[in-house]
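Chain by chain, the residues run as shown.
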Amino acid sequence: MNSQKTGASGIRLWSSIILFGLIGQIAWVVENMYFSRFMQNEITRAPWATTLMVAFSAIFATLSTLIGGALCDRSGKRKIFISVGYIIWGFTIAMFALVPMQPTKEKVLGMAILVVVMDCVMSIIGSISNDAAFNTWITDVSSTANRARVDTVLAVMPLFALAIVFGGFDSLTNASATQSDWKKFFVLLGLITTLGGVIGLVLLKDKEGIRGNKNNSFFSDFTYSLQPAVIKENKMLYLCLAGNMVSSIAYQIYVNYLFNIVEGTMKIKNYIIPIGIIMLVSAVLSVIVSALMDKKGKKHFYYPTIIVGIIGCIIIWASKFFIGKNEAFVTVILIIGGIMVIGVSLVMAGLFTASYRDYIPEGKEGLFQGCRMVMYVLVPMIIGPLVAQFIINMANRGVTDESLIVYPMELFLGSAVVMLFCFIPASIVRNNQQNRHEELMKNINY
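Now for a quick tour of the structure. Here the residue numbers are simple positions, counted from 1 along each chain's written sequence. The model is predicted, so local features are restricted to residues of pLDDT at least 70 and side-chain atom pairs to those at 80 or more, both for listing and for counting; the totals for chains, interfaces and linings are taken over all residues. Hydrogens and water molecules were not included; the side-chain quantities draw on all heavy atoms of the structure.

**A closer look at the overall build of the protein chain**
No. 1: Check the secondary structure of the protein chain and you find 17 helices and 0 strands.
No. 2: In terms of its C-alpha atoms, the protein chain occupies a principal-axis envelope of roughly 60 × 45 × 40 Å.
No. 3: Contacts in the protein chain between residues far apart in sequence, at least 24 positions, make up 87% of those at least 6 positions apart.
No. 4: A 1.4 Å probe and the Shrake-Rupley method give the accessible areas. Residues count as covered only by the protein chains that appear here. For the protein chain, the exposed surface amounts to about 18000 Å²; the carbon and sulfur share of it is 68%.
No. 5: Counted charges follow a simple rule, with Lys and Arg positive, Asp and Glu negative, and His plus the chain ends left uncounted. The atoms used to mark charge sites are NZ of Lys, CZ of Arg, CG of Asp and CD of Glu. Of note, the protein chain has its 35 positive side-chain charges centred 5 Å away from the centre of its 25 negative side-chain charges. Counting from the N terminus, the helices are the DSSP runs of H or I reaching at least four residues and the strands are the DSSP runs of E reaching at least two. Residues are treated as being in contact if the distance between any of their heavy atoms lies within 4.5 Å.

**Looking at unusual backbone geometry**
No. 1: Backbone geometry places glutamine 102, a non-glycine residue, at a positive phi of 50°.
No. 2: Relative to the helices and strands, glutamine 102 is located in the loop between helix H4 (79-94) and helix H5 (108-141).
No. 3: Relative accessibility under 20% of the residue-type maximum defines a buried residue, over 50% an exposed one, and the middle range a partly exposed one, all with a 1.4 Å probe and only protein chains included. A relative accessible area of 51% means that glutamine 102 is categorised as exposed.
No. 4: Phi angles above zero are rare outside glycine, and lysine 267 is one such case at about 60°.
No. 5: Position of lysine 267 relative to the elements: it lies in the loop between helix H11 (258-265) and helix H12 (272-296).

**Overview of the packing of helix H10 (residues 235-254) against helix H14 (residues 327-358)**
Geometry of a packed helix pair, given as the angle between the helix axes and the separation of the axes.
No. 1: To obtain each axis, a line is fitted to C-alpha atoms, and for helices this fit is confined to the stretch in contact; angles are then taken between N-to-C directions over 0 to 180 degrees. Where H10 contacts H14, the two axes come as close as 8 Å, and the packing angle between them is 160°. Classified by the angle between their axes, H10 and H14 sit roughly antiparallel to one another. By crossing handedness, the relation of H10 to H14 is classed as left-handed. In this structure, H10 contributes Leu237, Cys240, Leu241, Gly243, Asn244, Ser247, Tyr251 and Tyr254 to the contact, and H14 contributes Val341, Ile342, Ser345, Met348, Ala349, Phe352, Thr353, Ser355 and Tyr356. The scheme is simple: roughly parallel for angles under 35 degrees, roughly antiparallel for over 145, roughly perpendicular for 65 to 115, oblique for anything else. Two helices that cross are described as forming a left-handed crossing if the nearer one is turned anticlockwise from the farther one by less than a right angle, and a right-handed crossing if clockwise.

**Looking at the nonpolar core**
No. 1: Counting 135 residues, the largest nonpolar core has Phe185 and Phe186 as its most contacted members.
No. 2: Ranked by residues supplied to this core, first place goes to helix H2 (residues 10-43) with 16 residues.
No. 3: In this structure, phenylalanine 185 is in contact with Val30, Tyr34, Val165, Phe169, Leu172 and Thr173, ignoring residues within four places of it in sequence. Take the buried residues of types Ala, Val, Leu, Ile, Met, Phe, Trp, Tyr and Cys, join any two whose side-chain atoms come within 4.5 Å, and each joined set is a nonpolar core.

**Overview of the pattern of salt bridges**
No. 1: Criterion for a salt bridge: a side-chain nitrogen of Lys or Arg within 4 Å of a carboxyl oxygen of Asp or Glu. Using the criterion set out here, one finds 5 salt bridges in the structure.
No. 2: Salt-bridge contacts for lysine 269 lead to glutamate 327; the nearest nitrogen and oxygen are separated by 3.8 Å. Separated by 58 residues along the polypeptide, lysine 269 in the loop between H11 and H12 and glutamate 327 in helix H14 bring together distant segments of the chain.
No. 3: On the basis of relative accessible area, lysine 269 is assigned to the exposed category, the value being 69%.
No. 4: The partly exposed category is assigned to glutamate 327, whose relative accessible area is 33%.
No. 5: Between lysine 320 and glutamate 410 there is a salt bridge; the shortest N-O distance is 2.5 Å. You can see lysine 320 sitting in the loop between helix H13 (302-318) and H14 and its partner glutamate 410 sitting in helix H16 (residues 410-419), a full 90 residues away along the chain.
No. 6: One continuous salt-bridge network, built from bridges that share partners, spans Arg37, Asp170 and Glu263.

Listed below in structure tokens is the structure:
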């Protein structure tokens, strides 16, 4: 990575990548996992509410990224969108402290809609600042020589973010949490995100030489990555995103119910230790694998990664036969399967996202963030929860009391089935990636 070209020293650059990658993921952990838990524990356990929240959040996040990506390229600026965006983002998280909890049956629908609307507002700000601006900046300052490492480090950030939120703040949100505990949770996590934005005003630096491009209309820039001619011209880029899309659909089937599955369905009382082990080992292994990807080439890792992910899902699903009989054994199964499943989700992101960045045409970095959101966020966050809702409803046939709804282990089995479809885009990307890698390596100026 050429520090002169990026406009930042190596230490400053990596500090910015890690800090804003981490803080952004702390905010997304709150949105992706704890808003779902908040809805399920404090508003309603019915899966329709979680499905609506995730789906509408994905729609608004995608539209916002399309707008944000166009603004980044038209203005030639990234820092201002990241820093100011993070500041406002934190306030939208803290606002959840004002939501009334434990509504009566007559008010459940209204409160569910309120939470969905607030989640959408939070997603709009987060998508412009993180998904559009920060990801455009990452494309600016990385190259094909280190993108597998950079993107896997970024893929590990959700685990570190989850460790921070889980280890430091989860007690404020578990089954025994009070309304005041949830209020503290949202305020504290909002302050962390806002503080990150303030730091960004000083630490972040845009890559030198970037100029705004207003040659086309805003609408043309907004829809650029979704135009059929652009898709046809850059088909390999979209195939990389397709692989990530299938993997993300599989992930979205269980992730919104993960905490309640471990605590409620699997009946693991002291779940902090196994979850901590899963996060730590997955993070370490994924970083090691990412270094090997940069050294050996990404093509050798697609098939093994998919296979390990499928096996991991089946292992966790199989623990259902021991629930209530041997908690220690169920915990061991969770740890083994969890490391495989979570580790694979990180490596898959590193594989396909790094490959996708390799195919982005120079000068179009922001414009291609929108299609990434459509395929990496919008489609998975609609299809995944719908599949989950179908599985949950099938497992709870005849249950009329929402408080008795159980989130079944078959969610992992459904995830394993979806993962099989990853082989299709992976086979195409794998056969073409090496040539693209070698082509880009020749053009790197160290």
